[in-house]
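# Summary of structural features
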Amino acid sequence: MSDAQSMDLPIGIRAETSLADPDTCKFTVSRDLHPGGPFFFGNKGRAAGSPLAERLFALSGVANVLIAESVVTIGKEPSASWSGLKSAIGMAVRTQLLSGVPAILEIAAQASTQGRADAEVRVAVQALLDKEVNRSIANHGGKISIVDVSKGKLFITMSGGCQGCASSQVTLRQGFEVMVRRVAPEIMEIVDATDHAAGKEPFYRRPG
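Let us look at the structure shown here.

## As for the overall build of the chain
Along the backbone of the chain there are six helices and eight strands. When the helices and strands of the chain are listed from N to C terminus, the series reads α-β-β-β-α-β-β-α-α-α-β-β-α-β. Taking all 208 residues of the chain together, 40% fall into the buried category. Surface accessibility of the chain: about 11000 Å² in total, with carbon and sulfur atoms responsible for 55%.

## Some details on the pattern of salt bridges
According to the stated counting rule, one finds three salt bridges in the structure shown. A salt bridge links D23 to K76; the nearest nitrogen and oxygen atoms lie 2.8 Å apart. Of this pair, D23 sits in the loop between β1 (13-17) and β2 (24-29) while K76 sits in strand β5 (residues 71-76), placing them 53 residues apart in sequence. Under the relative-accessibility criterion, K76 is labelled buried at 6%. Across the pair E189 and K153 runs a salt bridge, and its minimum N-O distance is 3.7 Å. Of this pair, E189 sits in strand β8 (residues 189-192) while K153 sits in strand β7 (residues 153-160), and the two are 36 residues apart along the sequence. Here E189 falls in the partly exposed class, since its relative accessible area comes to 37%. Accessibility expressed as a relative area gives 34% for K153, which makes it partly exposed.

## A short note on the nonpolar core
Counting 25 residues, the largest nonpolar core has F41, V65, V72 and I74 as the members making the most contacts within it. Mapped onto this core, the elements with two or more residues apiece are β2, β3 (34-41), α2 (51-57), β4 (62-69), β5 and α3 (82-99). In terms of residue count, α3 provides more of this core than any other element does, six residues in total. Aside from chain neighbours lying at most four places away, what touches V72 is C25, K26, F27, L33, L52, L56, V65, L66 and I67. In terms of nonpolar packing, the next biggest core, distinct from the first, is built from 17 residues, V125, I144, I146 and I187 among them.

## A look at the environment of S81
Its place among the elements puts S81 in the loop between β5 and α3. A relative accessible area of 45% means that S81 is categorised as partly exposed. Each C-alpha atom, one on S81 and one on P22, is 10.0 Å from the other, the two residues being 59 residues apart in sequence. A polar contact is formed between the side chain of S81 and the backbone nitrogen of S83, at a distance of 3.1 Å.

## Some points on α3
The first and last C-alpha atoms of α3 sit 25 Å apart over 18 residues, in line with the 26 Å expected at 1.5 Å per residue. Of all the residues in α3, the buried ones are W82, L85, I89, G90, A92, V93, Q96 and L97. The buried residues of α3 occupy one face: seen down the axis, they fall within an arc of 160 degrees. Seen from the open side of α3, the exposed residues pointing more than 90 degrees away from its buried face are S83, S87, M91 and L98. Just downstream of α3, G100 is the residue with a positive phi angle, here 80 degrees.

## Things to note about the side chain of T24
Tracing the backbone shows T24 in strand β2. Setting aside chain neighbours within four positions, we find T24 in contact with E16, T17, S18, T73, I74, G75 and W82.

## Digging into the pairing of β4
In terms of burial, β4 is largely enclosed, as six of its eight residues are buried. Pairing between β4 and β5: six bridges, direction antiparallel. Counted as the bridge partner of N64 is G75 from β5. Hairpin connection, β4 to β5: the antiparallel pair is bridged by one residue.

Definitions and limits used
Residues numbered from 1 in each chain as written. Predicted model: local features only at pLDDT ≥ 70, side-chain atom pairs only at ≥ 80, totals over all residues. Heavy atoms only, no water. Helix = DSSP H or I, 4+ residues; strand = E, 2+ residues; numbered from the N terminus. Buried < 20%, exposed > 50% of the residue type's maximum accessible area, 1.4 Å probe, protein only. Areas by Shrake-Rupley, 256 points an atom, 1.4 Å probe, with all protein chains shown as cover. Salt bridge = Lys/Arg side-chain N within 4 Å of Asp/Glu carboxyl O. Core = buried A, V, L, I, M, F, W, Y, C linked by side-chain atoms within 4.5 Å. Contact = heavy atoms within 4.5 Å. Polar contact = N/O pair within 3.5 Å; in protein donor to acceptor, adjacent residues only side chain to side chain. Expected span 1.5 Å × (residues − 1). Arc of directions from axis to C-beta. Pairing = 2+ DSSP bridges.

Honestly, it's all geometry; don't read function into it.
In structure tokens form, the structure reads like this:
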């Protein structure tokens, strides 16, 4: 199918609210929004120069925006309601696509992830931990904590059920690391500083 033919098709958008975080909703669009990414906009100021992000932040209740290929993930303010907001987000995405203007301008795309201080990156990763990761692994009695962020390295420790757990490296590499890359592409390496030998109650053990 040619680009011209695909442009004639209706724009489909599917919204899925996160089970782990009710303040996060993923919108999957039937057309590509922007190649590459992901591009994370943690506040309205960072959206400057990115037409779609600006359009989304103009909606009351939008707290952060993540754009990757054909997916837009929206974090809303806890006080806001998805009722009405979901349709407004869908309309903003459709309007942007129909305008023919790029969703993210190249200069803005570079600025969205470059030049962030370590402290800003730490805030983005901490939000990820609070909203998605730790809520999920808490079911197993586990927790991941940030020790430090420095020069592209994220130092973390695992506690509770994750400390000493044989599955902890799988959790780290296959789950957490992928999500970190999504919100903080600046992180080039994740260093697990946990003393796993001291862990006494890995969650996979059953009480005798």
